[in-house]
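Architecture at a glance
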Amino acid sequence: MMNYFMILAVLLPLRTCYSHQDALVFPVTYLNISKDSAHQQLLVEWDVDNSAHDAELAMSFEIQVCRADENTTVWTEFHNITLDKSGDPLHWIWDSDLPLECMSHSVRIRSKAEASRIWSQWSLWETVLGLDTSNNSGPQIFPNEKIVEEGSDISFCCVAREGKIIEQLFREPAAHDFSHINSQVGLLTVKNVVYQQRSHMTVYCQESCSEDECLESAVFLVGKPPDTPNNFSCQTEDMRIATCTWSKGGDTYLYGHNLPKYTLFEEFSKKVIPCTDSCSEQCLCSWGIGQQRIYNITVTVENPLGRKTASDVFDITHRVHPAAPFQLWGQCTDTEIALYWKHQNKGIKLFCQTEVIQPDGKVQLHNSSDTHLHYANITLSGLQPYTEYRVRVRCGAAKHFWRWSEWSKALTIRTKESTPSGELDIWREITPGLGGQNVTLFWKQADSFQANGGTISYEVTWENLEDGSKSESISLSSVYNRTKIFLDNHSYKITVKAKNNVNYSLPSVLIIPRSTGNDKELFGEELKEEQVNGTEDGIFLSWKPRHTYDSYIIDWCNFPRLHPCDLQWKRFGPNTSSALISSAAFVPGVRYNFHIYGSVANRPSLLEKKTGYFRELPPLFDPVVEKIELTFNALTLYWDSYPTNESQSGFVRGYHVYLSPIQEDCSLEGSQKHVLQDDSVLCKYTIENPEEKRYTVKHLLSNTKYKLVVKAYSGGGETPIANFIYIDTPLNSNMLYLLVLLVIVPSLAAALCCWKMKWVKECCCPIIPSPNKSKVLSFKDFKIGSEKTLKLSDCIPDMLAVDNSKAEAQKLNPQSQLPLSSIEDQIVGHNSSWSYPKENEERDFTSTSTPQTHTWCANFASHLAGDSDQYQILETLEASMSGLSEVLYQPHHYSGILNEDAVSAPRETAGRKTSLRYISQTDVHCLGRRL
């Protein structure tokens, strides 16, 4: 029980504190809303009952906005504010994205103290009705304001009459799909409105009917708010009238009463400045100055889409901008101009500035102080005689300078004439003549020369320095810059002077040396010309300086191929040893010749000669090949005497010979590869001597067709390869001789053999007569059947083969004179066969196993006895003894044997079995061939 009361004692204070917080609830006692259709805003006003609270109270309000026929809230916002005891209503503004006329809008609010966690009850909904609840006579388009800002997003709505449905809602010039809020209200939203060639757009709304009252349209202007006035400032010319100016700004696309309107308001006097603005190029507004000196002026520009302001605070005495001087006139001498002018700024001390524009465009400024008189003046000195100048003047306030006035109108004035200043720059060209020299004299105005007059002429005088004869002179007008005179071989002094209406200039002197009759020495023909190279800016020359000369002169012709060649020259000081000669007349491919002279006491002497090109080009044409000498593996070219003089467009440095076979690329020894545009490869040979007129190409192939060309090259390269010369190398004679030896000679030998075949056959393998054709066998008595039988003595064989044992063969001595019967007895019982000799050194007899057909040569008695093996097919037996083979190889041994047998009686041989047989040579191989 005690614990319960203790817990209750702790909780009761907490319960009392919590109830106190909950008691801080102040419900809304007053709520009112209205609408601003021009700005599409809801204006909300409300009040709460905070009388029970004595101090200031921090409150939180939750505000909700909803539209009719919508179940969801379109906007919720929390608004915090501190309430005081004044009891003034609270205000809140809501910007609607939809025209408020389209439909009804409702607002409700609830509140709570910031220290409390409990909200009050919601107030009742306060509603502003839209036209969707009214019975209209036709569809209506909102908003009512007909001006739309460019670049903005805008929503159009169309409210239909009661019971009607919006069928179409669109705009021109671009169509958009629209959406329905409900069947009676349509919504069209346009993003980023753009000005498109016309300043308006039209919105159309169509109900679901076809009568005229079912269609409604509205025109909206597209424009921009005005720009902020820039460069806004105020000033005065004479302390009587003040003028404010500012930039006009960009086009707003609006017109008529919607154009920007400007208002000037002075903050110190709290007055609108009564002025009429004008905005042609820039806007300005003027008013009369009274006693006020300090101003704070604000300019406001506005149109239906917005307003902008700009301000300027100033002391009018510090804003003096004088008017431009006028009525300029002047008085001049040859070097000075006294200039006068008038101004309108009476009572204001001015500071003026005079601008002098020289003939070359340079500008000089001269400052001067003005006075309160009606005119002012300034003296301009240090001017050139007889020179035209343009002058003009501007002024500013001497005290509290603000701005320069505008420039006065320019005055053109010329100073008077004076004696010519400086000297003429003269030069000469000397050519030999009959009994003297032809001297062409040139002159030009040097940089330091000034004519100082309008009409100028030249006087040329020449005087013989040797015999003291009277000088001669001629006068030339200003259109001439050269003259030609003839002098004898004496030395002469030539002077040239310029003259205007006032006086002569100082004379320019040139000494012509005495002619010695040696033209080579006079014209430097013994000097060697040195080649020089051009650059992008000109042709660079250098020479060896000599301390004895007081100046150097370089001359050349701008157009060396013309006559006259437009001689040019340029002088340099004694300490100069190089120069870059440039001229607009220099063109590539033309050779220019330069002569460098040293001059002392006006006596020039030729020192060096140079020649070069501004830029070298390839030679104009190719060398003409006059002759070609050919061998089976080389060729020698001869070309014409190729010119290397000034007619060429570059210094000829040498020649290139290009060569290649017709059917393939070239890769000859000692050559370089040169690839053409079609990727074919030529052999390239270089001749670096421009005086060379022949060249030999070696290592060619015989009996081959080649193409070749000869090109000259210079520092500018060579012309493209276009035309070739075609040649054929002859057949190699050594190869021809070898062909004769290897082919023709054996062929002739073979032909001769064929032609003399009978003789060759008889020589190498003589024909052995056939036994069948023998006269011995022509008798009928000796014929047995179809064969004829010869006596052994009548048959001398070419070869005999005896097959005997080695022991028996050794008994048969080739040199022995054994009778035939004994030989026959030794070989009885042995089969015999012929061995054919081969083409080797041993000439062995090789047995033949193939059966052969033979003509028999046997003993006549043996035939009578009916020898049973006379028709036996011979079997091949190899000779077993070399001694016997040697005997068998030599026919004369058989001859002896047969001769012995021939003298024997037939009875002696009767019944004797013999193996000696005769074989015709028609079946014998002779020298490896069968005849």
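Predicted model only: the values in this text are computed from it and were never measured. (Residues numbered from 1 in each chain as written. Predicted model: local features only at pLDDT ≥ 70, side-chain atom pairs only at ≥ 80, totals over all residues. Heavy atoms only, no water.)

This paragraph deals with the overall build of the chain. When helices and strands are counted, the chain shows ten helices and 58 strands. Residues classed as buried in the chain amount to 39% of the 931 residues present. Within the chain, contacts between residues separated by at least 24 positions form 65% of all contacts whose residues are at least 6 apart in sequence. Element-wise, carbon and sulfur atoms account for 51% of the exposed surface of the chain, whose accessible area totals about 52200 Å². (Helix = DSSP H or I, 4+ residues; strand = E, 2+ residues; numbered from the N terminus. Buried < 20%, exposed > 50% of the residue type's maximum accessible area, 1.4 Å probe, protein only. Contact = heavy atoms within 4.5 Å. Areas by Shrake-Rupley, 256 points an atom, 1.4 Å probe, with all protein chains shown as cover.)

Time to look at a nonpolar patch on the surface. The grouping of Leu 738, Leu 741, Leu 742, Val 743, Ile 744, Val 745 and Leu 748 at the surface amounts to a nonpolar patch, some 650 Å² of accessible area in total. Here Leu 738 falls in the partly exposed class, since its relative accessible area comes to 41%. (Patch = residues over 30% accessible without salt bridge, like charges linked within 9 Å, V, L, I, M, F, W, Y side chains within 5 Å. Salt bridge = Lys/Arg side-chain N within 4 Å of Asp/Glu carboxyl O.)

Attention shifts here to the sheet that holds strand S45 (residues 625–630). Sheet architecture is open: three strands sit in the order S45-S46-S50, paired in antiparallel fashion. Each end of this open sheet is capped by a strand with a single partner; those strands are S45 and strand S50 (694–697). In this sheet, neighbouring strand axes are inclined to one another by 15° on average, regardless of whether the strands run parallel or antiparallel. In the sheet, strand S46 (residues 635–639) pairs with S50 via four bridges, with the strands oriented antiparallel. Paired with Thr 636 across the strands is Thr 696, a residue of S50. (Pairing = 2+ DSSP bridges. Axes fitted to C-alpha atoms, helices over the stretch in contact; angles between N-to-C directions.)

Turning to the state of the cysteines, a few remarks are in order. Tallied over the entire structure, the rule returns nine disulfides. With a sulfur-sulfur separation of 1.3 Å, Cys 102 is cross-linked through a disulfide to Cys 157. Between Cys 102 and Cys 157, the S-S dihedral sits near -85°, and the bridge is therefore left-handed. Here Cys 102 is found in the loop between strand S5 (90–95) and strand S6 (105–113), whereas its partner Cys 157 is found in strand S10 (residues 154–159), with 55 residues between them in sequence. The pair Cys 102 / Cys 157 is uniform in exposure class, with both members buried. Across the disulfide, Cys 234 is cross-linked to Cys 244 (sulfur-sulfur distance 1.8 Å). On the sign convention where negative is left-handed, the bridge of Cys 234 and Cys 244, at about 100° about the S-S bond, is right-handed. In this pair, Cys 234 sits in strand S16 (residues 233–236) while Cys 244 sits in strand S17 (residues 241–246), placing the two residues ten residues apart along the sequence. Both residues of the pair, Cys 234 and Cys 244, count as buried. Of all cysteine sulfurs in the structure, the one in Cys 754 sits closest to Cys 753, which takes part in no disulfide; the separation is 6.9 Å. Overall, the relative accessible area of 37% leaves Cys 753 in the partly exposed class. (Disulfide = S-S within 2.5 Å.)

Between two aromatic rings, the relevant description is the distance of the centres plus the angle of the planes. Tallying each qualifying case throughout the model produces 27 aromatic pairs. Between Phe 401 and Trp 404, the ring centres sit 5.1 Å apart and the planes meet at 70°, which makes this aromatic pair edge-to-face. Given a relative accessible area of 43%, Phe 401 falls into the partly exposed group. Taken together, the ring pairs connect Trp 543, Tyr 549, Tyr 552 and Phe 572 into an aromatic cluster. (Phe/Tyr/Trp six-rings, centres within 6.5 Å; stacked < 30°, edge-to-face > 60°.)

Okay, the side chain of Ser 405 next. By the element assignment, Ser 405 lies in the loop between strand S29 (388–397) and strand S30 (411–414). Classification of Ser 405 as buried rests on a relative accessible area of 4%. Setting aside anything within four residues of it in sequence, one finds Ser 405 in contact with His 321, Pro 322, Ala 323, Ala 324, Pro 325, Arg 394 and Cys 395.

What follows covers the nonpolar core. In terms of nonpolar packing, the biggest core is built from 22 residues, with Val 44, Trp 46, Val 107 and Ile 109 touching the most fellow members. At the level of secondary structure, the elements contributing two or more residues to this core comprise strand S1 (28–36), strand S2 (41–48), strand S3 (57–67), S5 and S6. No other element matches S3, which puts five residues into this core. Setting aside chain neighbours within four positions, we find Val 107 in contact with Leu 31, Ile 33, Leu 42, Val 44, Ile 63, Gln 64, Val 65, Leu 124, Trp 125 and Glu 126. (Core = buried A, V, L, I, M, F, W, Y, C linked by side-chain atoms within 4.5 Å.)

The subject of this paragraph is the confidence of the model for the chain. When pLDDT is low, close inspection of the predicted coordinates is not appropriate. When pLDDT is averaged across the chain, the result is 78; 76% of the residues are at 70 or more. Throughout residues 1–22 the model reports pLDDT below 50, and contacts reaching past four residues in sequence, or to other chains, amount to four contacts. This stretch, residues 804–931, has a pLDDT under 50; its non-local contacts, to residues over four places away or in other chains, come to 200 contacts. (pLDDT = per-residue confidence, 0-100.)

What follows covers the sheet that holds strand S7 (residues 126–128). The sheet built from four strands is open, its strands ordered S4-S3-S6-S7 with antiparallel pairing. Every other strand in the sheet has two partners, leaving strand S4 (73–83) and S7 as the edge strands with one partner each. Averaged over all pairs of adjacent strands, the angle between strand axes in this sheet comes to 25°, irrespective of strand direction. Pairing geometry for S3 and S6, over nine bridges, is antiparallel. Counted as the bridge partner of Met 59 is Ala 113 from S6.

Mapped onto the fold, Thr 461 is located in strand S33 (residues 457–464). Not counting residues within four places of it along the chain, the set of residues in contact with Thr 461 comprises Ser 471, Glu 472, Ser 473, Lys 493, Ile 494 and Thr 495.

Tracing the chain through its elements places Thr 495 in strand S36 (residues 492–499). Among the residues examined, Thr 495 registers a relative accessible area of 15% and is labelled buried. Linking Thr 495 and Ile 511, residues 16 residues apart in sequence, is a C-alpha distance of 8.9 Å. Sequence-distant contacts of Thr 495, that is, excluding residues within four places in its chain, are made with Glu 459, Val 460, Thr 461, Pro 507, Ser 508 and Val 509.

A word on the environment of Asn 231. Examined against the element boundaries, Asn 231 turns out to sit in the loop between strand S15 (215–223) and S16. Given a relative accessible area of 66%, Asn 231 falls into the exposed group. Separated by 81 residues in sequence, Asn 231 and Asp 312 place their C-alpha atoms 9.7 Å apart. Each residue touching Asn 231, except ones within four places of it in the same chain, is listed here: Thr 245 and Trp 246.

Another aspect to go through is the pairing of strand S49 (residues 681–687). The buried count for S49 comes to six of seven residues, which makes it a mostly enclosed element. Relative to S49, strand S47 (residues 652–661) is paired through five bridges, and the arrangement is antiparallel. Residue Val 657 lies in a different strand from S49, and its bridge partner there is Tyr 685. The turn joining strand S48 (residues 672–675) and S49, which pair antiparallel and follow one another in sequence, is formed by five residues; a positive phi near 70° is taken by Asp 679.

A few words now on the pattern of salt bridges. All told, the structure shown has 18 salt bridges when counted by the stated rule. Arg 67 serves as the salt-bridge partner of Asp 97, at 2.8 Å between the closest nitrogen and oxygen. Taken together, the residues span a long stretch of sequence, with Asp 97 in the loop between S5 and S6 and Arg 67 in strand S3 at a distance of 30 residues. For Glu 608, the salt bridge identified is with Lys 610, shortest N-O distance 3.1 Å. In this pair, the class of Glu 608 matches that of Lys 610, namely buried. Each of Glu 530, Arg 546, Glu 608 and Lys 610 takes part in salt bridges that share partners, so that together they form one network.

Attention now goes to the pairing of strand S42 (residues 578–581). Along S42, the buried face is formed by Ala 579 and Ile 581; none of Ser 578 and Leu 580, which line the opposite face, is buried. Of the pairings in the sheet, the one linking strand S39 (residues 539–542) to S42 comprises four bridges and is antiparallel in character. Paired with Ser 542 across the bridge in S42 is Ser 578.

This part takes up unusual backbone geometry. Of note, the bond from Phe 142 into Pro 143 is cis; its omega dihedral lies within 30 degrees of zero at 15°. Counting through the fold element by element, Pro 143 comes out in the loop between strand S8 (140–142) and strand S9 (147–149). A cis geometry characterises the amide bond from His 563 onward to Pro 564, with omega recorded as 0°. For Pro 564, the location among the structural elements is in the loop between strand S40 (551–557) and strand S41 (567–572). Backbone geometry at Tyr 253 places phi at a positive 70°, although glycine is not the residue there. Note on placement: Tyr 253 falls in the loop between S17 and strand S18 (261–266).

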